[in-house]
Amino acid sequence: MGWLSELVEERGAEALDLHAQTVNPQFVRLLRTIGFDRRWARAEGAYLWDSDGNRYLDALGGFGMFNVGRNNPRVREALVEALELERPGSVQIGVDALPALLAEELLRRAPSSVGKAIFTSSGAESVEAALKLGRAATGRPRVLSAEHAFHGLTLGALSATAAPEFTSRFGPLLPGFSQVPWGDLDVLERELAAEDVALFIVEPVQGKGVNLPPPGYLAGSQELCGRYGTLFCVACSRSNTGGSSPI
Ligand SMILES: Cc1ncc(COP(=O)(O)O)c(C=O)c1O
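In this report, we go over the structure that sits alongside the text. Residue positions are given per chain, counting from 1 as you read along its sequence in written order. A pLDDT threshold of at least 70 governs which residues receive local features in this predicted model, and a stricter bar of 80 or more applies before side-chain atom pairs are shown or counted, although totals over entire chains, interfaces and linings include all residues. As a rule here, side-chain values cover all heavy atoms of the structure and leave hydrogens and water aside.

1. So, the packing of helix 2 (residues 15-22) against helix 3 (residues 25-34)
At step 1: Axis definition: a line fit to C-alpha positions, over the contact stretch in the case of helices; interaxial angles, taken between N-to-C directions, run 0 to 180 degrees. Starting at the N terminus, helices and strands are each numbered in turn, a helix being any DSSP run of H or I of at least four residues and a strand any DSSP run of E of at least two. Where helix 2 contacts helix 3, the axes come no closer than 7 Å and their chain directions differ by 145 degrees. Along the contact surface, helix 2 presents L16, D17, H19 and A20, while helix 3 presents P25, F27, V28, L31 and R32.
At step 2: The nonpolar class holds Ala, Val, Leu, Ile, Met, Phe, Trp, Tyr, Cys and Pro. Asp, Glu, Lys and Arg form the charged class, and all remaining residues, Gly among them, are polar. For the contact of helix 2 with helix 3, a count of residues per class yields six nonpolar, one polar and two charged. Contacts were defined at the residue level, with two residues in contact if any of their heavy atoms lie within 4.5 Å.

Following this line, the structure appears as structure tokens:
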């Protein structure tokens with residue numbers, strides 16, 4: 001038995017108390033209140049098992065890591081193989097073949113207008129990259145997003161999110177961000193016409209509330225962005241695509 005298995009065997013039962021002491025006591029309080037304070041022992045595909053051997057169907061289907069199934073054997077095999085290859089990984093002065101091979105596969109599946117991939121490890125980080133690329137590429141300061149949008153919790157992404165339930169206590173947010181009413185092309189055009197907007201970031205389906213855009217809204221806003229030199233940034237919610245990734 002390796003040291004990690006021994007550690008889990010020895011300390012696994014303490015998970016909730018340990019989490020409360022060292023990570024997030026409020027979350028553990030919430031789990032205990034709603035009766036989700038199980039000791040999770042194992043996961044496979046769409047199922048979870050607790051330490052008493054009870055099996056649960058896990059209905060969580062969004063988020064990239066869940067919609068391929070937990071501990072997906074093909075993903076696991078690839079990860080193990082990648083570790084066993086002992087690739088150089090992050091070579092600061094040079095490149096490894098694997099990221100470019102992955103990018104090649106992603107681009108093969110993307111619309112032909114997408115020419116490059118940038119790798120990030122979270123949705124918020126993808127949004128930050130989009131904000132920086134958008135400002136750098138256009139030389140413009142402003143960022144527009146839609147009311148009720150959710151773009152993540154880092155400071156730039158939070159400035160685009162702008163809902164008080166997420167932002168209160170973290171201000172001031174970044175300057176240059178404003179919101180337009182979801183689904184209103186007239187207001188969007190008024191804002192874009194100033195020609196100082198770097199990008200309009202928008203979810204095809206708003207994940208917080210599952211709000212669908214009115215017919216023609218996305219195509220219309222893309223057309224307006226093109227007309228006024230603003231980048232049109234589609235930020236896909238993990239709950240509807242299984243991965244938050246501005247394209
Ligand atoms: C549209 C959208 N953007 C950004 C995020 C933030 O992603 P993450 O939690 O991986 O930072 C989410 C998360 O649900 C999202 O739905």
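Next comes the rest of the description.
2. Regarding the environment of G134
At step 1: Secondary-structure assignment places G134 in helix 7 (residues 123-138).
At step 2: Buried residues are those whose accessible area, probed at 1.4 Å on protein chains only, stays under 20% of the maximum for their type, while exposed residues exceed 50% and partly exposed ones sit between those limits. Take G134: its relative accessible area is 3%, and that puts it in the buried class.
At step 3: Residues G134 and L199, spaced 65 residues apart in sequence, show a C-alpha to C-alpha distance of 5.8 Å.
At step 4: Residues within four places of G134 in sequence aside, it is in contact with A198, L199 and L231.

3. Details of helix 11 (residues 217-228)
An α-helix turns once per 3.6 residues; consequently, residues spaced three or four apart project the same way.
At step 1: The first and last C-alpha atoms of helix 11 sit 16 Å apart over twelve residues, in line with the 16 Å expected at 1.5 Å per residue.
At step 2: Buried-residue contacts for helix 11 involve helix 10 (185-192), strand 6 (197-202) and strand 7 (231-234).
At step 3: Taken from the residues just after helix 11, G229 is the one with a positive phi, measuring 75 degrees. Helix span, as expected, comes to 1.5 Å for every residue beyond the first.

4. Structural notes on the sheet that holds strand 6
The strands that make up a sheet are held in pairs by hydrogen bonds between backbone atoms, and each pair lies either parallel or antiparallel.
At step 1: Following DSSP output, two strands are said to pair if at least two bridges run between them. Spatially, 5-4-6-7 is the arrangement adopted by the four strands of the open sheet, whose pairing is parallel. This sheet does not close on itself; its edge strands, each paired only once, are strand 5 (177-180) and strand 7. Sheet twist, expressed as the average angle between the axes of neighbouring strands with direction ignored, equals 25 degrees.
At step 2: The pairing of strand 4 (residues 142-146) with strand 6 spans four bridges and is classified as parallel. By the bridge assignment, S145 is partnered in strand 6 with I201.
At step 3: Relative to strand 6, helix 7 is tilted by about 150 degrees, and along the sheet it contacts strand 4, strand 5, strand 6 and strand 7.

5. Thoughts on the pairing of strand 2 (residues 47-50)
A regular strand places its side chains so that they alternate between the two faces of the sheet.
At step 1: Alignment of strand 1 (residues 40-44) against strand 2, held across four bridges, turns out to be antiparallel. If you follow R42 over to strand 2, its bridge partner there is W49.
At step 2: Following strand 1, the chain reverses through two residues before pairing antiparallel with strand 2; G45 in that reversal takes a positive phi of roughly 60 degrees.
At step 3: Where strand 2 and strand 3 (residues 55-57) come together, three bridges link them in antiparallel fashion. From the neighbouring strand, L48 faces strand 3, where its bridge partner is Y56.
At step 4: Turn length for the strand 2-strand 3 hairpin, with the two strands adjacent in sequence and antiparallel, is four residues, and the turn residue G53 shows positive phi of about 85 degrees.

6. Quick notes on the pairing of strand 4
At step 1: For strand 4, the buried fraction is high: five of the five residues fall into the buried class.
At step 2: Burial of the side chains of strand 4 extends over both faces: R142, L144 and A146 are buried on one face and V143 and S145 on the other.
At step 3: Pairing geometry for strand 4 and strand 5, over four bridges, is parallel. Paired with S145 across the strands is Q179, a residue of strand 5.

7. Let's talk about unusual backbone geometry
Negative phi values dominate among residues other than glycine, just as trans dominates among peptide bonds.
At step 1: Omega for the peptide link from G171 to P172 comes to 0 degrees, which places this bond in the cis form.
At step 2: Here P172 shows up in the loop between helix 9 (164-167) and strand 5.
At step 3: The residue R169 is not glycine, and still its phi comes out positive at about 85 degrees.
At step 4: Counting through the fold element by element, R169 comes out in the loop between helix 9 and strand 5.
At step 5: Judged by its relative accessible area of 81%, R169 is exposed.

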